[in-house]
Structure formats: structure tokens, C-alpha cells
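Structure at a glance
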Amino acid sequence: MTESERRTGRRLERAILDLLERRAPTATICPSDAARAVYTGHDDGWRALMEPARRAAGRLVEAGEVEITQGGRVVEPAKARGPIRIRRVR
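In this text the structure is predicted, and so the values were computed from the model without any measurement.

This paragraph deals with the side chain of Glu13. Mapped onto the elements, Glu13 comes out in helix α1 (residues 3–21). Assessed through its relative accessible area of 18%, Glu13 is described here as buried. Looking at Glu13, its side chain comes within polar contact range of the side chain of Arg59, at 2.5 Å. Those residues in contact with Glu13 that lie beyond four places of it in its chain are Ala56, Arg59 and Leu60.

What follows is the structure, encoded as C-alpha cells:
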């Protein structure tokens, strides 16, 4: 992983936590919310940050900060396929 990728990953982690902090305790966010928050352009370039955002959420799961859900159920980041939501640990 390059230094630039590590920096982007840290920015995505902060964006996830900041977005959740501004929402109700039971609220969830989509990884795209974090990708859009970090992306500085005005086009759909944020899409390139979707996988890095999912990986950032996975690191936050490992740190005990958030949970990843699908269909309202907690799933392991490595096993999640398709759309996911991110929420605070309950």
C-alpha cells in the first residue's frame, strides 16, 4: 500500500466516524457517503473510493468502532457481498 493510499484510508475512516457522529445513534451510512465526503472533485470520481471506503469500514470493525450490516444483520466485512451499511457498535 502506498503512502497516498494509507492517507486516503485514514481520511475515509475519519469520514465514516464523523458522518456517524452527526447522525442518530441508531442511524447507518453507506460507504458511498464517506467516499463522497472525501472526494474533492465535482464528478462521479468518488466511485473509485468505494472499495477503499469498504476497506476503511472493515478496519473500523476490527478496531471495535463500527459494525457492517446487510439487511439489518451484522456481517463480517470479508464475507459481505453487495450493498452494505455501516453503523456504530451497539
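On we go from here.
With that out of the way, let us pick up the sheet that holds strand β4 (residues 85–88). Within a sheet, each strand pairs with its neighbour through backbone hydrogen bonds, oriented either parallel or antiparallel. One open sheet accounts for four strands, arranged β1-β4-β2-β3; its pairing is antiparallel. In this open sheet, the two strands that pair with only one neighbour each are β1 (28–29) and β3 (73–75). Of the pairings in the sheet, the one linking strand β2 (residues 66–70) to β3 comprises three bridges and is antiparallel in character. Directly across from Thr69, in β3, lies its bridge partner Val74. Against the sheet, helix α3 (residues 50–62) makes contact with β2 and β4, and its axis sits at roughly 125° relative to β2, the strand it touches most.

Okay, helix α2 (residues 31–38) next. Those residues of α2 that fall on the buried side of the exposure criterion are Pro31, Ser32, Ala34, Ala35 and Val38. For α2, the arc enclosing every buried residue in end-on projection is 160°, short of the 170-degree limit, so these residues lie on one face. Check the buried side of α2 and you find it contacts α1, β1, α3 and β4.

Under the criterion given, the structure shown has zero aromatic pairs. Lying across the ring of Trp46, Arg36 places its NZ or CZ 3.8 Å from the centre.

Criteria and thresholds
Residues numbered from 1 in each chain as written. Predicted model: local features only at pLDDT ≥ 70, side-chain atom pairs only at ≥ 80, totals over all residues. Heavy atoms only, no water. Helix = DSSP H or I, 4+ residues; strand = E, 2+ residues; numbered from the N terminus. Buried < 20%, exposed > 50% of the residue type's maximum accessible area, 1.4 Å probe, protein only. Polar contact = N/O pair within 3.5 Å; in protein donor to acceptor, adjacent residues only side chain to side chain. Contact = heavy atoms within 4.5 Å. Pairing = 2+ DSSP bridges. Axes fitted to C-alpha atoms, helices over the stretch in contact; angles between N-to-C directions. Arc of directions from axis to C-beta. Phe/Tyr/Trp six-rings, centres within 6.5 Å; stacked < 30°, edge-to-face > 60°. Lys NZ or Arg CZ within 6 Å of the ring centre and 35° of its normal.

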